[in-house]
Amino acid sequence: MGIGFIISGLCVSLLINVVYFSKERIKSYETSLYGYLIFTNLLGLFLEMACTLSSFFGASELLLNSLVKSYLIYLVGWAILFLYYVIIISCDSYSKIRTNLFKITSFLYLTAAIVISFLPIEHVFTGTNSYAIGKSVDATYIFTGIIMIAIFMILLTHLKKIKNRKYLPLLSFFVLGIIVTITQRIYPELLMVTAMESFIMLIMYFTIENPDVKMIEQLNIAKDTAEKANRAKSDF
């Protein structure tokens, strides 16, 4: 049953990646990060699909554990990238704190990867469905929880900007995240998290600066500048 969410997420994510990367883009922190988010989300969906198929076809415990733990590490990594997005749209001084932020998040990610890799994990099979439990899964909840708290604190300190359409993916993330978390606690065999991320990426696509519009604006500015320069030469 959970594989249906993965397939839906794959369809959405593939469409976004093809549309976004097939057109020329203006380089900015926001658009560059969005590219990382959608590509990473696509990799996460393929990884989640591999976990599901490996479980269904009875892969070895070593392979299944490796795939599931890699997926758990992916979840922490994607949450960190989303934290970067929130900071970029919230803090005007992002370029100044970028280096220190990278050091902190890199340390957090490496710590999470090591902890998740070494903690035990178990697999529960219920008919044709399966899901993972154990300390490795609990650690993932803890690390992503820390990141979510950081995101929420940033949101609280920038409430004046909340009407900005760029915050729509963030608000959607909190609302859908609560719904998905409660649902998966009741029905852990449902695989909804990565598909939810794909849906948020779809919303974000319509809220980031439109690369085409921005390019037209820059061309118009360049055109006006050139015309003014030509007039100045003529007057001289």
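Small disclaimer: the values here were computed from a predicted structure and weren't measured. (Residues numbered from 1 in each chain as written. Predicted model: local features only at pLDDT ≥ 70, side-chain atom pairs only at ≥ 80, totals over all residues. Heavy atoms only, no water.)

Caption draft 1: Fine view of the side chain of Ser 54. As for its placement among the helices and strands, Ser 54 is situated in helix 2 (residues 29-56). In this structure Ser 54 comes out as buried when scored by relative accessible area, which is 13%. Ser 54 has contacts with Ala 59, Leu 63, Leu 64 and Leu 67, leaving out every residue within four places of it along the chain. (Helix = DSSP H or I, 4+ residues; strand = E, 2+ residues; numbered from the N terminus. Buried < 20%, exposed > 50% of the residue type's maximum accessible area, 1.4 Å probe, protein only. Contact = heavy atoms within 4.5 Å.)

Caption draft 2: How the structure looks around the environment of Tyr 34. Secondary-structure assignment places Tyr 34 in helix 2. Overall, Tyr 34 belongs to the buried group, its relative accessible area being 1%. Placed 47 residues apart in sequence, Tyr 34 and Leu 81 show a C-alpha to C-alpha distance of 8.9 Å. With residues up to four places along the chain from it excluded, the contact list for Tyr 34 reads Ile 16, Tyr 20, Met 201, Met 204, Tyr 205 and Ile 208. Here the side chain of Tyr 34 touches Met 201 through a polar contact of 2.8 Å, landing on its backbone oxygen. (Polar contact = N/O pair within 3.5 Å; in protein donor to acceptor, adjacent residues only side chain to side chain.)

Caption draft 3: Quick peek at the environment of Leu 45. Its place among the elements puts Leu 45 in helix 2. Taking the C-alpha atoms as reference points, Leu 45 and Tyr 74, separated by 29 residues in sequence, lie 10.0 Å from one another.

Caption draft 4: Structural view of the nonpolar core. Residues Phe 82, Ile 147 and Met 201 are the most contacted members of the largest nonpolar core, which totals 56 residues. At 21 residues, the largest contribution of residues to this core is made by helix 3 (residues 61-90). When neighbours within four sequence positions are excluded, Phe 82 is seen to be in contact with Leu 37, Ile 151, Pro 169, Leu 170, Phe 173, Ile 200 and Met 204. One finds Leu 10, Leu 42, Leu 45 and Leu 191 within the second-largest nonpolar core, a separate group that totals 6 residues. (Core = buried A, V, L, I, M, F, W, Y, C linked by side-chain atoms within 4.5 Å.)

Caption draft 5: Seen up close, the side chain of Ser 198. Looking at where Ser 198 falls in the secondary structure, it is placed in helix 7 (residues 193-205). There is a polar contact of 2.7 Å between the side chain of Ser 198 and the side chain of Asn 41. With residues up to four places along the chain from it excluded, the contact list for Ser 198 reads Gly 9, Val 12, Ser 13, Ile 16, Asn 41 and Leu 45.

Caption draft 6: The arrangement of helix 1 (residues 3-21) in detail. Between its first and last C-alpha, helix 1 extends 26 Å over 19 residues, near the 27 Å set by a 1.5 Å rise per residue. Buried within helix 1 we find Ile 6, Gly 9, Leu 10, Ser 13, Ile 16, Asn 17 and Tyr 20. One side of helix 1 holds all its buried residues, which, seen down the axis, span an arc of 145°. Exposed positions of helix 1 whose direction lies more than 90 degrees from the buried face are Cys 11, Leu 15 and Val 18. Buried residues along helix 1 sit against helix 2 and helix 7. (Expected span 1.5 Å × (residues − 1). Arc of directions from axis to C-beta.)

Caption draft 7: Geometry of the packing of helix 1 against helix 7. At a minimum axis separation of 8 Å, helix 1 and helix 7 run at an interaxial angle of 30°. When the interaxial angle is binned, helix 1 and helix 7 end up roughly parallel. Judged by the sense of rotation from one axis to the other, the crossing of helix 1 with helix 7 is left-handed. Across the interface between the two elements, Phe 5, Gly 9, Val 12, Ser 13, Ile 16, Val 19 and Tyr 20 of helix 1 pack against Ala 195, Ser 198, Met 201, Leu 202 and Tyr 205 of helix 7. Grouping the amino acids of the contact of helix 1 with helix 7 by side-chain chemistry returns 9 nonpolar, 3 polar and no charged. (Axes fitted to C-alpha atoms, helices over the stretch in contact; angles between N-to-C directions. Parallel < 35°, antiparallel > 145°, perpendicular 65-115°, else oblique. Left-handed = near helix turned anticlockwise from the far one by under 90°. Nonpolar A, V, L, I, M, F, W, Y, C, P; charged D, E, K, R; others polar.)

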